[in-house]
Amino acid sequence: MQDFHQKIRVNAVYLLLQKLTAPAINLLLTIYIVNKLSIADYGIYNIIYAVIGYLSLYSSLGILNVLQRYIPEFNAQRNYSGVKKLFVSALVFRFILTIIFLALLIWFARPVGKFFKVDNLNIYLELFGLGIFLFLEIQIVELTLGALLQNRAIMFSYFIAIIFRASLVYWFLSHGHGLIGLLRAETIYYAALLITQLTFYFYDFAAKNHSEKQKLPLKRLLRYSGLSYLDELGWTVLDVKTDYFVISNFLGPTMVGLYAFANQVIETVAKLMPDKMIRPLIRTAFFSKFSEHRDLEKLNENFNLLVKLIAFISFPLFSGIIVLSDKIIVHFYDAKYLPAQKLIWMFTAFLLIISFQYPLQLVVQAVEKVEITFYSKIFSIYNLIVEILVIQSLGLMGVALATCSARLFQTLFIFHGIRRHVPIKIAFQPLLKILFNSLVMMVFLLVVRGMIISTLSLIVILTGAAVTYLAMSYFNKSFFLKERILINQLLPRPLFVF
């Protein structure tokens, strides 16, 4: 039997392969989609996915958070029957709720489309109904596989399915099928992905792991599910999905397209951050280790390590985005999106705040004080009200500013709230070292940005910036020796020397 660190190490390899390859292909596809669709159609495409985001919320009732929190615990206790029962219950539960809410959504699609200034929304939803259902079921399966440290299965399932997506998106858009063709391609992609992941679940876990049947702790699960669901409601209002709806209602789909493009650029960069790349492993390790001893001091150490890891990646990435956003738009995407440059700057701050919320969320969930994040959702109301008040005078920048400030206030609220239960202390000195290293890289970019005249030269400059930052991080180390040892234990080779 593999020990816990070995399991994490093996799964980290698979997860990193998935996170470095599938997003790279999806990035190329996104660039292709952005160039092939009009700004208005790209806006409608993102509005549809915003609708799916809300449908995901209403068809889960907190079950996704229950899977994330308790499957690692049941699996560590070798309560395999509990894992299976929870997984099957979640699939059936979401199936029933999805059918109900999807039917209601299609029924009221015409007035909803009129409200958001999206013509033919009912046609898009009817066409993409099966794709939406498949997408929502995939969330259940993938969360379960990740919580079980079955990242090999997730990696291979994405490798297989992404081939379908790339081929189909290219074929439909190159033959002039536009947004309708794109939605058809997505439906086939989700079908391939769901079938593949279910196959891996049954053959790699369900068929190999058995235990005596035990009753699920329903009272505990229901309490956590209820509080988590109320928490999700607030998160969704704070998300850019809500921004899309507000913008579409006041300014139309074209402005949604610009706003969504800025968000897409930053989301692409954010996928390189540890809380995105290896989130399932971080979550599983965080909860499993805390469940063993429930040591609050160790919890604080793990919190600070995760904060530093996020800063180590996010500070240089977002520094580069601020300096080179216009070059990235022109040479990687399309110059028609240059009006979104200032939005990209605002999203940089927005996603930086979100990234540092993640370690706080893990602490909150570990000690099961999810009511703290629930109370923090008061800023969701602030966000929505301020957006409506400023959108006509400040436009898209006003919407972005409202969302960013709401997230900042919420983060401070959660930090203050959790400190009443856990002695959280942030180590600022290592963060200042990371900031200094990032600023040196930023100066390098400011000096050489005039040399960027093509996509190739942009890639060369970005490579030089990465080398500059890593060299600075090597000589101006921000991680303690024991932290470097711990990180290298989880890597295939001891490469982390910063």
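Presented here is a report on the structure given in the accompanying data block. What you are looking at is a predicted structure, and each value in this text was computed from that prediction instead of being measured.

The subject of this paragraph is the overall build of the chain. Regarding its fold elements, the chain presents 20 helices and zero strands. Pairs at least 24 apart in sequence give 84% of the contacts found in the chain among residues at least 6 apart. Here the chain has roughly 22000 Å² of accessible surface; of this, 69% comes from carbon and sulfur atoms.

Here the focus is the pattern of salt bridges. All told, the structure shown has five salt bridges when counted by the stated rule. The partner of E186 in a salt bridge is R165, and the shortest N-O contact between them spans 2.8 Å. Of this pair, E186 sits in helix α8 (residues 178-206) while R165 sits in helix α7 (residues 151-174), and the two are 21 residues apart along the sequence. The exposure class assigned to E186 is buried, which follows from its relative accessible area of 1%. Given the relative accessible area of 8%, R165 is considered buried. Its salt-bridge partner being K298, residue E301 comes within 3.7 Å of it at the nearest N-O pair.

Right, let's talk about helix α17 (residues 378-418) for a bit. If you check α17, its first and last C-alpha atoms are just 16 Å apart, much less than what 41 residues at 1.5 Å a residue would give, namely 60 Å. Of all the bends in α17, the greatest measures close to 145 degrees and is centred on L394.

To continue, consider a nonpolar patch on the surface. On the surface, a cluster of nonpolar side chains totalling about 900 Å² of accessible area is made up of V88, V92, F95, I96, I99, I100, L104, W107 and F108. Inspection of the secondary structure puts F108 in the loop between α4 (80-107) and α5 (109-115).

Turning to the packing of helix α10 (residues 240-251) against α17, a few remarks are in order. Remark: α10 packs on α17, axes separated minimally by 10 Å, with the N-to-C direction vectors making an angle of 65 degrees. As for the relative orientation of α10 and α17, their crossing is right-handed in sense. Judged by residue contacts, T242, D243, V246, I247, F250 and L251 of α10 engage N383, L384, E387, I388, I391, Q392, L396, V399 and T403 from α17. Counted by class, the contact of α10 with α17 contains nine nonpolar, four polar and two charged residues.

Turning to helix α20 (residues 481-489), a few remarks are in order. By the burial criterion, the buried members of α20 are E483, R484, I487 and N488. Buried residues of α20, viewed axially, fall in a sector of 130 degrees; they line one side. When the buried face of α20 is taken as reference, the exposed residues oriented beyond 90 degrees from it are L481 and K482. Buried residues belonging to α20 abut α14 (296-332).

Thresholds applied
- Residues numbered from 1 in each chain as written.
- Predicted model: local features only at pLDDT ≥ 70, side-chain atom pairs only at ≥ 80, totals over all residues.
- Heavy atoms only, no water.
- Helix = DSSP H or I, 4+ residues; strand = E, 2+ residues; numbered from the N terminus.
- Contact = heavy atoms within 4.5 Å.
- Areas by Shrake-Rupley, 256 points an atom, 1.4 Å probe, with all protein chains shown as cover.
- Salt bridge = Lys/Arg side-chain N within 4 Å of Asp/Glu carboxyl O.
- Buried < 20%, exposed > 50% of the residue type's maximum accessible area, 1.4 Å probe, protein only.
- Expected span 1.5 Å × (residues − 1).
- Bend = angle between axes of the 7 residues up to and from the residue.
- Patch = residues over 30% accessible without salt bridge, like charges linked within 9 Å, V, L, I, M, F, W, Y side chains within 5 Å.
- Axes fitted to C-alpha atoms, helices over the stretch in contact; angles between N-to-C directions.
- Left-handed = near helix turned anticlockwise from the far one by under 90°.
- Nonpolar A, V, L, I, M, F, W, Y, C, P; charged D, E, K, R; others polar.
- Arc of directions from axis to C-beta.

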